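A structural walkthrough
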Amino acid sequence: MSKQNDEAELEPRRCAFFFDVDGTLAEIQPRPELVSIPPRSLAALQQLHREGVPVAVISGRPIEQLDALLQPLVLPAAGIHGAQRRTAGGTQQNLALDEQTFATVQRELAQACGEHPGLSLENKGVAFALHYRLAPELEETARALAEAFVKRYAEVLALQPGKCVFELKPRGASKGEVIRSFMREAPFSGRTPVFLGDDLTDEAGFAVVNELGGVSIKVGSGATEATQRLASVAAVTAWLEALQHALSGQQDQSIKPD
Ligand SMILES: O=P(O)(O)OC[C@H]1O[C@H](O[C@H]2O[C@H](CO)[C@@H](O)[C@H](O)[C@H]2O)[C@H](O)[C@@H](O)[C@@H]1O
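Residues numbered from 1 in each chain as written. Predicted model: local features only at pLDDT ≥ 70, side-chain atom pairs only at ≥ 80, totals over all residues.

Some words on the domain arrangement of the protein
As a reminder of what qualifies: Where each domain begins and ends follows an automated or database-derived domain assignment. We call two residues in contact if the C-beta atoms placed from their backbones are at most 7 Å apart. Charged means Asp, Glu, Lys or Arg here, nonpolar means Ala, Val, Leu, Ile, Met, Phe, Trp, Tyr, Cys or Pro, and polar covers whatever is left, Gly included.
Examined at the domain level, the protein breaks down into domain 1 (5-95 + 173-255) and domain 2 (99-170). Each partner contributes residues to the interface: domain 1 has 15 residues there, and domain 2 has 14 residues. Residues that form the side of domain 1 that touches domain 2 fall into these classes: nine nonpolar, five polar and one charged.

Some remarks on the confidence of the model for the protein
Worth spelling out the cut-off: Residue-level confidence of the predictor is summarised by pLDDT, bounded by 0 at the bottom and 100 at the top.
For the protein, the average pLDDT comes to 93, and 93% of its residues sit at 70 or higher. Reported for the predicted complex are a pTM of 0.94 and an ipTM of 0.99.

Concerning the site of the ligand
Here is the rule: Near, for a residue, is defined by distance from a backbone-placed C-beta atom to a molecule or strand, with 6 Å as the limit that must not be exceeded. In this description a helix means any DSSP run of H or I spanning at least four residues, a strand means any run of E spanning at least two, and both kinds are numbered starting from the N terminus.
Near the ligand, the surroundings consist of 25 residues, among which Val-21, Asp-22, Pro-32, Ser-59 and Gly-60 are the closest. If you list the elements that add at least two residues to the shell around the ligand, you get strand S7 (128-131) and strand S9 (165-170). For the shell around the ligand, the per-class residue count stands at eight nonpolar, seven polar and 10 charged. Each of two domains, domain 1 (5-95 + 173-255) and domain 2 (99-170), supplies a minimum of three residues to the shell around the ligand.

Examining the sheet that holds strand S12 (residues 228-230)
Stated precisely, the cut-off is as follows: Only when DSSP finds a minimum of two bridges between them are two strands counted as paired. Lines are fitted to the C-alpha atoms to define the axes, a helix being fitted only along its stretch in contact, and any angle between axes, read from their N-to-C directions, falls within 0 to 180 degrees.
Taken together, eight strands build an open sheet; the order of strands is S5-S4-S3-S2-S1-S10-S11-S12 and the sheet is mixed. Looking along the sheet, the strands with just one partner apiece sit at the ends: strand S5 (92-94) and S12. On average, each strand axis in the sheet is tilted by 15° relative to the strand beside it, whichever way the strands run. Looking at chain direction, strand S2 (residues 55-58) and strand S3 (residues 77-79) are connected through two bridges and run parallel.

Topic: the pairing of S7
Heads up, the condition is: As a rule, residues whose C-beta atom has 12 or fewer other C-beta atoms within 10 Å are exposed, those with 20 or more are buried, and those in between are partly exposed; C-beta atoms are placed from the backbone.
Side chains of S7 alternate between two faces, with Phe-128 and Leu-130 and Ala-129 and His-131 buried alike. In terms of strand pairing, strand S6 (residues 120-123) meets S7 through four bridges, oriented antiparallel. Along S7, the bridge assignment pairs Glu-122 with Ala-129. In this structure, the hairpin formed by S6 and S7 is closed by a connection of four residues, where Gly-125 is found at a positive phi of approximately 85°.

A closer look at the environment of Gly-52
If you trace the backbone, Gly-52 turns up in the loop between helix H1 (39-50) and S2. A residue is classified by how many C-beta atoms lie within 10 Å of it, and Gly-52, with 8 of them, is exposed. Through-space distance from the C-alpha of Gly-52 to that of Arg-13 is 8.2 Å; in sequence the pair is 39 residues apart.

Quick notes on the packing of H1 against helix H7 (residues 233-247)
How we decide: The crossing is said to be left-handed when, going from far helix to near helix, the turn is anticlockwise and less than a right angle, and right-handed when the turn is clockwise.
Relative orientation of the contacting elements H1 and H7 amounts to 35°, with a least axis distance of 9 Å. Handedness of the H1/H7 crossing: left-handed. Together, Arg-40, Ser-41, Ala-44, Leu-45, Gln-47 and Leu-48 of H1 and Val-236, Thr-237, Leu-240, Glu-241, Leu-243, Gln-244 and Leu-247 of H7 make up the contact between the two elements. Among the residues making up the contact of H1 with H7, the classes are represented as seven nonpolar, four polar and two charged.

Here we look at the nonpolar core
Heads up, the condition is: Nonpolar cores are identified as sets of buried Ala, Val, Leu, Ile, Met, Phe, Trp, Tyr and Cys residues joined via C-beta atoms within 7 Å.
Core analysis: the biggest nonpolar cluster contains 46 residues, and Ala-56, Val-57 and Ile-179 have the highest contact counts within it. It is H7 that provides the largest number of residues to this core, a total of six residues. With sequence-adjacent residues up to four places away left out, Ala-56 is seen in contact with Phe-18, Leu-75, Pro-76, Ala-77, Ala-78 and Phe-182. Counting 20 residues, the second largest nonpolar core, distinct from the first, contains Leu-119, Tyr-132, Ala-142 and Leu-145.

This is how it looks when you write it as structure tokens:
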């Protein structure tokens with residue numbers, strides 16, 4: 001870094017990059033399955049990776065969905081808010097609920113959601129997301145349901161609010177802690193961590209990156225622990241392309257966030 005982090009001009013070859021997906025690399029869509037990552041962003045990620053700059057995705061989605069969104073790229077990744085982590089070497093670590101508890105929560109949640117047809121229940125294998133984007137009037141219903149389940153299964157579940165969603169994730173899952181784990185390992189260690197995210201779940205990541213002396217970048221509006229900001233997913237694409245140019249030896253001031 002050539003300047004203080006609050007006005008950093010990044011030197012990409014000295015950084016390790018961490019990206020949230022929904023709302024950061026990909027525009028928010030009415031339903032999770034409609035999401036895609038812009039080809040220009042994918043090309044930039046691919047070049048960073050090809051040139052040996054460490055890049056990982058840190059998402060609330062399961063890793064298999066991340067692989068589908070990023071194909072043909074296969075990156076180090078954290079899924080389900082940190083409950084899953086695939087290292088640069090390809091080893092995968094998972095936090096999980098025991099099968100019986102998972103099956104019980106699944107059955108009870110499905111039954112409860114069935115009483116509110118506007119709610120959509122996403123089963124992520126080791127976590128659940130209660131979406132109300134298509135029925136915003138059900139926000140408080142979704143919140144109450146999620147809070148009740150987390151209270152009932154407090155030993156194993158934690159609440160993760162997000163954009164038009166209340167998620168039930170395995171207790172202990174944290175985007176901050178997975179970024180910390182990546183930063184202890186090659187090829188990430190010894191570099192400046194840079195994390196871009198847009199939502200509440202990303203705040204844990206910003207806190208750890210700040211603690212490690214890195215660069216935290218909030219995408220969009222809203223209160224945040226992040227020290228820098230980009231306005232939108234489109235701005236993330238432009239920022240990634242500026243990184244590409246910087247990697248190719250071209251100077252481009254636009255890699256400085258707003
Ligand atoms: O950590 P992220 O990569 O940002 O993932 C967070 C959640 O993203 C998805 O839900 C959100 O995006 C959907 C598609 O744009 C949107 O319809 C929904 O309202 C958002 O909450 C995904 O479905 C979740 O599993 C992720 O945890």
